[in-house]
Amino acid sequence: MLNELDTELFLALNGAHASWLDQAMFWISDRNFWFPFYALILLFLIWRYRIKAVGIILACVLAILVGDQITSSILKPWAARPRPCHEPSIENMVHVVWECGGMYGFASSHAANTFGFVTVLVLLIGKEYPWLKWLYVWAALVSYSRIYVGAHYPGDVLVGGTVGILGAVLVSFLYRKLPLNYQI
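Conventions adopted
- Positions within a chain are numbered from 1, following the residues in the order the chain's sequence is written.
- Under the rules for a predicted model, residues below a pLDDT of 70 receive no local features and side-chain atom pairs below 80 are neither given nor counted, while totals for whole chains, interfaces and linings still include all residues.
- For side-chain calculations, the full set of non-hydrogen atoms in the structure is used, while hydrogens and water are omitted.
- Numbered from the N terminus, helices here are DSSP runs of H or I no shorter than four residues, and strands are runs of E no shorter than two.
- Radius of gyration here uses only the C-alpha atoms, and the compact-globule reference equals 2.2 Å multiplied by the residue count raised to the power 0.38.
- Each residue is assigned to one of three classes by its accessible area relative to the maximum for its type, calculated with a 1.4 Å probe on protein chains only: buried under 20%, partly exposed between the two thresholds, exposed over 50%.
- In what follows, a contact means two residues having at least one pair of non-hydrogen atoms within 4.5 Å.
- Methods summary: accessible areas were calculated by the Shrake-Rupley approach with a probe of 1.4 Å, and residue burial reflects only the protein chains presented.
- Axis lines are fitted through C-alpha atoms, for helices just across the contact stretch, and the angle between N-to-C directions can take any value from 0 to 180 degrees.
- Each angle gets one of four labels, with under 35 degrees taken as roughly parallel, over 145 as roughly antiparallel, 65 to 115 as roughly perpendicular, and the rest as oblique.
- We define a salt bridge as a contact between a side-chain nitrogen of Lys or Arg and a carboxyl oxygen of Asp or Glu at a distance within 4 Å.
- By the definition used in this description, the sense in which the near helix is turned from the far one sets the handedness, with an anticlockwise turn below a right angle giving left-handed and a clockwise turn giving right-handed.
- All amino acids are sorted into three groups, where Ala, Val, Leu, Ile, Met, Phe, Trp, Tyr, Cys and Pro are nonpolar, Asp, Glu, Lys and Arg are charged, and the leftover types, Gly among them, are polar.
- Cysteine sulfur pairs qualify as disulfides if the two atoms are within 2.5 Å.

Here we take up the overall build of the chain. Scanning the chain from N- to C-terminus turns up 7 helices and 0 strands. In the chain, the succession of helices and strands from N to C terminus is α-α-α-α-α-α-α. Radius of gyration (C-alpha) of the chain: 17 Å, near the 16 Å computed for a compact globule of 184 residues. A principal-axis box enclosing the C-alpha atoms of the chain has dimensions of 55 × 35 × 25 Å. When burial is assessed residue by residue, the chain has 47% of its 184 residues classed as buried. Taking the contacts inside the chain whose residues are at least 6 apart along the sequence as the reference set, 78% of them involve residues at least 24 apart. Per element, the accessible surface of the chain, about 9900 Å² overall, is 72% carbon and sulfur.

In this section: the packing of helix α1 (residues 2–15) against helix α7 (residues 154–177). Close contact between α1 and α7 brings their axes to 8 Å; oriented N to C, the two are set at 100 degrees. By the criterion of interaxial angle, the relationship of α1 to α7 is roughly perpendicular. Contacts between α1 and α7 involve Asp6, Leu9, Phe10 and Leu13 from the former and Pro154, Gly155 and Asp156 from the latter.

Counted under the stated rule, the structure contains 3 salt bridges. Across the pair Asp156 and Arg81 runs a salt bridge, and its minimum N-O distance is 3.2 Å. Of this pair, Asp156 sits in helix α7 while Arg81 sits in the loop between α4 (53–79) and α5 (109–125), and the two are 75 residues apart along the sequence. Just as Asp156 is buried, Arg81 falls in that class too. Each of Asp6, Arg81 and Asp156 takes part in a single network of salt bridges with overlapping partners.

On to the packing of α5 against α7, then. Describing two packed helices takes the angle between their axes plus the distance from one axis to the other. It is at 7 Å that the axes of α5 and α7 come closest, and there the two elements cross at 35 degrees. Two packed elements cross with a definite hand, and for α5 against α7 that hand is right-handed. On α7, the residues that touch Ala111, Ala112, Phe115, Gly116, Thr119, Val120, Leu123 and Leu124 of α5 are Val157, Gly160, Gly161, Gly164, Ile165, Ala168, Val169, Ser172, Tyr175 and Arg176. Partitioning the contact of α5 with α7 into residue classes produces 11 nonpolar, 6 polar and 1 charged.

For the structure shown, the criterion picks out 1 disulfide. Sulfur-sulfur distance for the disulfide between Cys85 and Cys100 comes to 1.7 Å. Taking the sign of the S-S torsion, about 90 degrees here, the bridge from Cys85 to Cys100 comes out right-handed. With Cys85 in the loop between α4 and α5 and Cys100 in the loop between α4 and α5, the pair connects residues that are 15 residues apart, well separated along the chain. Considered together, Cys85 and Cys100 belong to a single accessibility category, that of buried residues.

Geometric descriptors of this kind do not, in isolation, establish any biological role.
Quick look at the structure:
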């Protein structure tokens, strides 16, 4: 029942594509496209926090690693749920914008990584910079792009984002408990 609902929602979202949007979603979904964005955030943290930035940056990296490893090394092999573009019953209905990717898609590492990254920033420095909450829009857009390009079901994205947020909460908690955390 849940898989059927997820498939129906996927087909509706993925099927609502427009040729003019394909290239944009390709880039939004591409991890390498965002390196300048990450570099700007890195420079901002270094400029604003100097040596204290080291802890924040390490917390961001750790949150991404936690989310990525849980989704890629634990959930994908455990669930063994094919990506929509690899699912024989619907593969001819899937609008694929770029390569399909690995065989399994549950849960989305893109969603885990982006939501984990944003959540660490919000939890560690969000009181000082409330505008950081708007980065959740970016994380949601990247996550949606994975449905658009045909790589993930909505449930994959939802679980991936949840894993990322929970991983970031754990990392932020540990960061605040470390004796050398350079409290902000």
